Amino acid sequence: MDFMTEYKHWLESDALSAEEHAELEAVADNNEEIESRFYAPLSFGTAGLRGVLGVGLNRMNRFTVGQAAQGLAKLIVSNGPEAMERGVAIAYASRHFSPEFAKQSACILAANGIKALLFDELRPTPELSFAVRHYGCIAGINITASHNPKEYNGYKVYWEDGAQLPPAEADVVAKEMAATDIFTGVKTMDFDEAVGSGMIRMLGKDTDEAYLGEVIKVAVNPDCVKQVADDFKLVYTPFHGAGYRLVPEILRRLGYKHIICEPEQMKIDGDFPTVKNPNPEYKEGFYLAIDLAKKNDVDLIIGTDPDADRTGIVLKDKSGEYVTLSGNQVGVLLTDYIITAKKLTNTMPAHPAVLKSIVTTEMARAAAEKNGVECFETFTGFKFLAEKIKQFEKDGSHEYIFAFEESYGYLCGDYARDKDAVTASMLIAEMAAYYRTQGKTLYDAMEEMYEKYGYYREGLETKTLKGIDGAAQIQSMMSEYRTNPPKELGGHQVLAVRDYKEDTRKDLSTGEVTKTGLPTSNVLYYELSDNAWCCVRPSGTEPKIKYYFGVKGTSLTDADAKLAALKED
């Protein structure tokens, strides 16, 4: 694609507003910026679209969103009148232009004869997944870029099971988008007319109540909250996003009486003015919540990202300092707690299973298997965990009791098929209450986990390589790793290499090649000696290549040293 030709095509289009024309004219002398905006369309895949906001083919704007909505509409129309009548649920988070993109999508669907169920204000991502299932929709749309920086927005599409769009359907949407003229090929309808005719239906608090009614059922042992509710205080922050209403509400319904919400970060704002990055993975974003916790002598802080699908926590350690736990640590704590609570309450299913991604800590497997629960792996991404849940439903072989990823995503229950920070916040709060009844904090519990299951440590490093050159570099790096695999990493011998793109696992000592048992994906996984491992994959949503590491040591000090050596190599 000739980026300059495409730039001129947009610049000459009557479809652009005066402001949009001015934005493009302002970069007329900047070839690098023009190339960045027009070198290729945003890629539509199973995670939908995600990109920087702005005018251009490789940006999130009303034209690229319209093209995606029209492509989805064509997929649904091809499924027949029943699919069109079932309709599409549409939600959005707190980012810039999210309400506009959601409303635009509803109008495009209506113009194509497809009913739309549009939330009346921002909602958590998992509530969108719930709504698809609850209302029997054929699909769902969520306007969000999760925890990306403020410059981003995204267009996530869900299918009828409430999970993200499967590859076959995503390919259809991508092909229909490519065949649709971005300026003239998109149908639309007046919003008020669509609402008046019943093609657009607004969703509100009735859906919230139905959703919260399912979330509260996931609580395993809420009686322990009643025992400590009079004096247990916790701080919550939604990072200016969609968890601001429902997370405090579910904590109240669980039985908590002292929920202190950080007031500045309770304000809905797509600029995320109090944080550099609205990601509960990083302690830096919790500084206001930590100040609040210090003033109120609070042990536990819970934070959710802007679309309320990821959950992070901050705890007081033994010295009184506030520290973060990783997504892996929280996941292991919840794995162990849910198993313990289900045994205590006699609610453990006959064939329980814990699900995790391949880059999630092996400590979760140790915790599950030591307690007689099977542990299964999938690729990174909750859509793959959702597929495994769906498989269990079909074959009846297992019933999952908990699914999680190292990237701060957790799910329990059967009401949704995406990670849920509302449910995770509730379970973390319940777990904290349980340990309080034992005279312990969550920090104490994490120390006990290491003693029970082993001293595991994990790490993640990323390289960001933006633009067309960056994408080519990432592919070149993956090709090099694939062609010339290392024989040793960080003092660990490479025992086997899993190449998920080729669906092979090669034992380097015997040369034996077997299948991985998972779908194909551009991922390399190195099995190392001494229970260590390393995994490399390009990000599906950002211009990054990601390196994951895991080790097991004889102590935390030993594990930290092994992890540092592995990372460096």
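Going by the structure above, here's the rest.
Keep in mind the model is a prediction, meaning the values are calculated, not measured.

> Which parts of the structure should I look at to understand the sheet that holds strand E4 (residues 139–143)?
Sheet strands associate in pairs through backbone hydrogen bonding, adopting either a parallel or an antiparallel arrangement. Strand order in the open sheet formed by six strands is E1-E5-E4-E2-E3-E6, with mixed pairing between adjacent strands. With partners counted over all chains shown, the strands left at the sheet margins are strand E1 (49–52) and strand E6 (200–203), one partner each. Averaged over all neighbouring strand pairs, the angle between strand axes comes to 15°, with direction disregarded. Across the sheet, helix H6 (residues 98–111) lies against strand E2 (88–92), strand E3 (116–119), E4, strand E5 (152–159) and E6, angled at about 165° from E2, the strand it touches most.

> Before we go on, may I ask you to explain the nonpolar core in this structure?
Note that soluble globular proteins tend to have their nonpolar side chains buried in a common cluster. Counting residues in hydrophobic clusters, the biggest one holds 77 residues, and the most contacted among them are Tyr256, Leu300, Ile313, Leu334, Ile428 and Leu442. The biggest single contributor to this core is helix H17 (residues 421–437), with eleven residues. Residues within four places of Leu334 in sequence aside, it is in contact with Phe402, Tyr410, Leu427, Ile428 and Met431. Within the second largest apolar cluster, 48 residues are counted, among which are Phe44, Met60, Ala83 and Ala116.

> Honestly, the packing of aromatic side chains in this entry has me stumped. Any pointers?
Remark: the centre distance and the inter-plane angle together describe each pair of aromatic rings, the angle taken between the planes. The final tally for this structure, using the stated rule, is 21 aromatic pairs. With a centroid separation of 5.2 Å and an interplanar angle of 85°, the aromatic rings of Phe63 and Phe183 are classed as edge-to-face. Taken together, the residues span a long stretch of sequence, with Phe63 in helix H4 (residues 62–78) and Phe183 in the loop between helix H8 (167–178) and helix H9 (191–196) at a distance of 120 residues. Judged on exposure class, the residue Phe63 and its partner Phe183 are both buried. Relative to Tyr256, the ring of Phe232 lies with its centre 5.4 Å away and its plane at 75°, an arrangement referred to as edge-to-face. One end of the pair, Phe232, is in the loop between helix H11 (223–228) and strand E7 (233–237); the other, Tyr256, is in the loop between helix H12 (246–254) and strand E8 (258–261), and 24 residues separate them in sequence. Aromatic rings pair up to connect Tyr7, Trp10, Phe38, Phe63 and Phe183 into one cluster. Here the guanidinium or amino end of Lys103 rests over the ring plane of Phe191, the centre of that ring lying 4.4 Å away.

> Sorry if this is basic, but what is going on with helix H18 (residues 442–453) here?
Structural remark: α-helix, 3.6 residues per turn; residues separated by three or four positions point the same way. If you check H18, its first and last C-alpha atoms are 16 Å apart, about what twelve residues at 1.5 Å a residue would give, namely 16 Å. Along H18, the residues that are buried comprise Leu442, Asp444, Ala445, Met446, Met449, Tyr450 and Tyr453. Structurally, the start of H18 carries an N-cap: the backbone nitrogen of Tyr443 is 3.2 Å from a side-chain oxygen of Thr441. Gly454 lies just past H18 and shows a positive phi near 115°.

> Honestly, the pairing of E2 in this entry has me stumped. Any pointers?
Looking along a regular strand, one sees side chains alternate from face to face of the sheet. Buried residues dominate E2, accounting for five of its five residues. Of the two faces of E2, the one lined by Val88, Ile90 and Tyr92 and the one lined by Ala89 and Ala91 are each fully buried. By the bridge criterion, three bridges tie E2 to E3 in an arrangement that is parallel. Bridge pairing in E3 places Ala89 opposite Leu117.

Analysis parameters
Residues numbered from 1 in each chain as written. Predicted model: local features only at pLDDT ≥ 70, side-chain atom pairs only at ≥ 80, totals over all residues. Heavy atoms only, no water. Pairing = 2+ DSSP bridges. Helix = DSSP H or I, 4+ residues; strand = E, 2+ residues; numbered from the N terminus. Axes fitted to C-alpha atoms, helices over the stretch in contact; angles between N-to-C directions. Contact = heavy atoms within 4.5 Å. Core = buried A, V, L, I, M, F, W, Y, C linked by side-chain atoms within 4.5 Å. Buried < 20%, exposed > 50% of the residue type's maximum accessible area, 1.4 Å probe, protein only. Phe/Tyr/Trp six-rings, centres within 6.5 Å; stacked < 30°, edge-to-face > 60°. Lys NZ or Arg CZ within 6 Å of the ring centre and 35° of its normal. Expected span 1.5 Å × (residues − 1). Polar contact = N/O pair within 3.5 Å; in protein donor to acceptor, adjacent residues only side chain to side chain.

None of this, on its own, says anything about what the molecule does.
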